[in-house]
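Structure assessment
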Amino acid sequence: MMSALTVTTTLTNGHYNGKLETGLNGYRKNGFTKPEIADPPSLRHAAPFSSDPAAVAERDRCSYGRIPRAAALAGTAARKVRVYSDGIYDMFHQGHARQLQQAKTVFPNVYLIVGVCNDNLTHSRKGRTVMTEDERYEAVRHCRYVDEVVCDAPWEYDEEFLEKHKIDFVAHDDIPYTTEDCEDTYAMIKAKDMFVATERTEGVSTSDIVARIVRDYDIYVRRNLARGYSAKELNVSFLNEKKFRLQNKMDELKDKGKKVMTNIGEKRVDILTKWEEKSRELIDAFLLLFGPDGRLSSIWAESKGRLMQALSQPPSPRASPPPSENGDDLEPMNRGSSSPPPPKSRRYEQWEPHADASSSDGAGDPEEAAQRQLTDDGSDSDDDYQDTSPYL
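Because the structure is predicted, anything quoted here is derived from the model rather than measured. (Residues numbered from 1 in each chain as written. Predicted model: local features only at pLDDT ≥ 70, side-chain atom pairs only at ≥ 80, totals over all residues. Heavy atoms only, no water.)

1. So, helix α6 (residues 133-141)
All of the buried residues in α6 are Arg136, Tyr137, Val140 and Arg141. On an axial view of α6, the arc spanned by its buried residues comes to 125°, and they lie on one face. Its buried side turned inward, α6 meets β6 (110-116), α5 (119-125) and β7 (148-151). (Buried < 20%, exposed > 50% of the residue type's maximum accessible area, 1.4 Å probe, protein only. Helix = DSSP H or I, 4+ residues; strand = E, 2+ residues; numbered from the N terminus. Arc of directions from axis to C-beta. Contact = heavy atoms within 4.5 Å.)

2. A word on the nonpolar core
Val83, Leu100, Phe107, Leu112, Val114 and Val146 are the most contacted members of the largest nonpolar core, which totals 24 residues. Of all the elements, β6 adds the most residues to this core, at four residues. Discounting chain neighbours no more than four positions away, the residues touching Leu112 are Val83, Ser85, Leu100, Ala103, Lys104, Tyr145, Val146, Asp147 and Glu148. Counting 16 residues, the second largest nonpolar core, distinct from the first, contains Tyr84, Ile88, Ile167 and Phe195. (Core = buried A, V, L, I, M, F, W, Y, C linked by side-chain atoms within 4.5 Å.)

3. Let's talk about the pairing of β6
Extensive coverage of β6 is indicated by the burial of seven of its seven residues. The alternating pattern of β6 places Val110, Leu112, Val114 and Val116 on one face and Tyr111, Ile113 and Gly115 on the opposite face, and all of these are buried. Pairing of strand β5 (residues 81-87) with β6, which is carried by seven bridges, proceeds in the parallel orientation. The residue of β6 that forms the bridge with Tyr84 is Ile113. (Pairing = 2+ DSSP bridges.)

4. As for helix α4 (residues 94-104)
The complete set of buried residues in α4 reads Gly95, His96, Gln99, Leu100 and Ala103. Within α4, the buried residues cover an arc of 135° as seen down the axis, which keeps them to one side. In this fold, the buried residues of α4 make contact with β5, β6, β8 (169-173), β9 (195-198) and α9 (206-215).

5. Details of the sheet that holds β5
Across the sheet, five strands lie side by side as β7-β6-β5-β8-β9; this open sheet has parallel pairing. In this open sheet, the two strands that pair with only one neighbour each are β7 and β9. Across the sheet, the axes of successive neighbouring strands diverge by a mean angle of 30°, strand direction being ignored. Note: β8 against β9, four bridges, orientation parallel. Bridge assignment links His172 to a residue of β9, and that residue is Ala197. The sheet strands contacting α4 are β5, β6, β8 and β9, and the helix crosses β6 at an angle near 140°. (Axes fitted to C-alpha atoms, helices over the stretch in contact; angles between N-to-C directions.)

6. A look at the environment of Tyr217
By the element assignment, Tyr217 lies in helix α10 (residues 217-226). Classification of Tyr217 as partly exposed rests on a relative accessible area of 39%. Ignoring anything within four residues of it in the chain, the contact list for Tyr217 reads Leu234, Asn235 and Val236.

7. Let's talk about the pairing of β5
Most of β5 sits out of view: seven of its seven residues are buried. Neither face of β5 is left uncovered, since the one carrying Val81, Val83, Ser85 and Gly87 and the one carrying Arg82, Tyr84 and Asp86 both have all their residues buried. Considered for its hand, the β-α-β crossover made up of β5, α4 and β6 is right-handed. Across two bridges, β5 lies against β8 in parallel orientation. Paired with Val83 across the strands is Phe169, a residue of β8. (Right-handed = clockwise from strand over helix to strand, strands pointing away.)

8. Looking at unusual backbone geometry
With phi around 50°, Met91 is a residue other than glycine that occupies positive phi space. The topology assignment puts Met91 in the loop between β5 and α4. Judged by its relative accessible area of 18%, Met91 is buried. Backbone geometry places Asp193, a non-glycine residue, at a positive phi of 60°.

9. Quick notes on the pattern of salt bridges
As enumerated under the stated definition, the model contains 13 salt bridges in all. Taking the shortest distance from any N to any O, the salt bridge between Asp119 and Arg136 comes out at 2.7 Å. Within this pair, whereas Asp119 is found in helix α5, its partner Arg136 is found in helix α6, the two being separated by 17 residues in sequence. Taken as a pair, Asp119 and Arg136 share a single burial class, namely buried. Among the ionic pairs, Glu138 bridges to Arg141, the shortest N-O distance being 3.4 Å. Of this pair, Glu138 and Arg141 both sit in helix α6, separated by three residues, roughly a single helical turn. (Salt bridge = Lys/Arg side-chain N within 4 Å of Asp/Glu carboxyl O.)

10. Examining the confidence of the model for the chain
For the chain, mean pLDDT is 75; residues scoring 70 or higher make up 65% of the total. Counting contacts from residues 1-30, a segment whose pLDDT is below 50, to residues more than four positions away or on other chains yields 47 contacts. Confidence over residues 332-337 falls short of pLDDT 50; this stretch has two contacts with residues more than four positions distant or in other chains. (pLDDT = per-residue confidence, 0-100.)

This is the structure we're talking about:
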């Protein structure tokens, strides 16, 4: 096998096109030798399935006769020790990889065969899986410790299966696996001294990973919604979708706020300096507007004067002088530029000359009667006259 050979390359001519080459990983191509270790096939290609020609050819080359444990441990067997390990390998994780590593290194020279159960058998015996059987097959065959993959692996073993795949040992953890028919699935393998125990990796298992997803269900739904998955694909109701999207927006705002505060912390000196300059400008502008001699005070004083002038009562006009004897009104003294209010109309009482002279005390005095008629309300004198002008 090329994977177990060490190839030595000897270069006798170090010249190429008349030039001396000094490359090739530090070796000079002038007669020196450079050992080259061929990569194992598992690093270049995925492990074949048991039905592939490569796996069939490897199985046919093997002259089957079970190798004793002592010979396998000593590494004195004439061929590779064929070790079989099986499992579900759902959501392939480091615990699976460590178990396969232990199976690969249990003996010095091991050909590791890994069996993976199909979906129907797994769902009926263990429960629903996250990954399909094809996905689990591909995950296992790309592990570098695996040399061959057996699809549709059985839940329990029999002699026919062991002889078909020419299995020397079975590697699995030492926990008994019970079924309806027996208390330990590996009882027959242990009785034949073909069982090799491996250790489980504490703290990690497929069940633990599923429990984390169920526990943080909201977080993972929000994660997938943010990455473009629809609510229908995630089996989420319309209201829950809106709730999760709102929570995503709130988280984005929180992150932006944290970034802003971080930037402020880094640039706080510059911000404080700029704020001090701006504060001085604001104070000057405030004093210019609201100070004792500011614009607002001047505007308020002017407005106050106009308001007081508008609200103050105008002075009352002077009373009209009494009319002269000939019936003409006297012109007021010192008349202003504005015209005086119109004279008050007088009410003249009709004088009846045929009235009984004996009923009036002043019937014999014509001047007194005329003066009485000139009054507004029939009073005896002008002192009782009250001006009802609307301008007062």
